[in-house]
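# Architecture at a glance
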Amino acid sequence: MRSTKVYLADANSTDGTPAIAKSFKHRLDVQVIPGGLPAVGRNNGARCALTPYVLFIDADIELADPTLVRRSVGLMKRKRLHCVTTNISCPQGTLTDRVLYSGNNLMQRLSRLYRPFSTGMFMLFDKTCFDTLGGFNEEALFAEDYMLSKEVARNRFGIVRGCVNTTNRRFKKMGHLPIVRLFLRTALNTWNNGFFLRDHKYWHSEA
């Protein structure tokens, strides 16, 4: 990993994230860059990237499988894909958390028949395609990841075997039912980009 460039988009965090990240400089080529809302932070990192592929990972994601990134790149090269994601697991969550993430994984697979759905938890993009699509819409206040992935051609979208681990912090913060309702509304508004530009209080502390 020492030869792999890692850009950490920090949105003025107060928990010492930049210092913690820099403490791994003996193992990672990590650089802290300005963040903001997810679309802004992701685009800032992508602008710095000089590689043919760029991988977006959320802050609370754990890459439990050391082969996942290599296999994702291999799948992308082999099938000439533009976007690759994987399954999401929540091993420390409740039964309800795990069931809902299983539903998320099912919807990702079904999306290959309609409009590709990838979360920003793990999203590997062909850099040329990413740039052609214009990156993440920085006006998006919700689901900027889906807003971009749904523009990828179905035959250029893939899901690699395995999973990444996440926490149940979003469910704890918002509750299960509000998240499910918002997920269903998002699916129903696939063609309505204005929906993603409205504030659904997803990032609000009071949500």
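Quick look at the structure, then.

Cut-offs applied
Residues numbered from 1 in each chain as written. Predicted model: local features only at pLDDT ≥ 70, side-chain atom pairs only at ≥ 80, totals over all residues. Heavy atoms only, no water. Disulfide = S-S within 2.5 Å. Helix = DSSP H or I, 4+ residues; strand = E, 2+ residues; numbered from the N terminus. Buried < 20%, exposed > 50% of the residue type's maximum accessible area, 1.4 Å probe, protein only. Contact = heavy atoms within 4.5 Å. Pairing = 2+ DSSP bridges. Axes fitted to C-alpha atoms, helices over the stretch in contact; angles between N-to-C directions. Core = buried A, V, L, I, M, F, W, Y, C linked by side-chain atoms within 4.5 Å.

Quick look at the state of the cysteines now. Tallying each qualifying case throughout the model produces zero disulfides. Cys129 supplies the cysteine sulfur nearest to Cys83, a cysteine that is in no disulfide, at a spacing of 7.9 Å.

Before going further, it helps to spend a moment on the environment of Val160. With respect to the secondary-structure elements, Val160 resides in strand β6 (residues 157-165). Here Val160 falls in the buried class, since its relative accessible area comes to 5%. Taking C-alpha positions, Val160 is 7.8 Å from Asn87, a pair spaced 73 residues apart along the chain. Every residue in contact with Val160, bar those within four places of it in the chain, is listed here: Leu68, Arg71, Ser72, Leu75, Val84, Thr85, Thr86 and Asn87.

Further remarks concern the sheet that holds strand β3 (residues 53-57). The strand order across the open sheet built from four strands is β3-β5-β4-β6, with neighbouring strands paired in mixed fashion. Each having just a single partner strand, β3 and β6 make up the two edges of the open sheet. Each neighbouring strand pair of the sheet contributes to a mean axis angle of 20°, computed without reference to strand direction. Looking at chain direction, strand β4 (residues 83-89) and strand β5 (residues 122-126) are connected through two bridges and run antiparallel. Considered in β5, the bridge of Cys83 is made with Phe125. Sheet strands in contact with helix α3 (residues 68-79) are β3, β4, β5 and β6, and its direction is about 175° off that of β6.

Core analysis: the biggest nonpolar cluster contains 28 residues, and Val84, Tyr101, Phe142, Val164, Leu182, Phe196 and Tyr202 have the highest contact counts within it. Put simply, the parts of the chain that give this core at least two residues each are α3, β4, β5, α6 (144-149), β6, α7 (169-174), α8 (176-188) and α9 (193-196). Looking at this core element by element, the count peaks at four residues for α3. Excluding residues that lie within four positions of it along the chain, Tyr202 makes contacts with Phe142, Arg170, Met174, Ile179 and Leu182.

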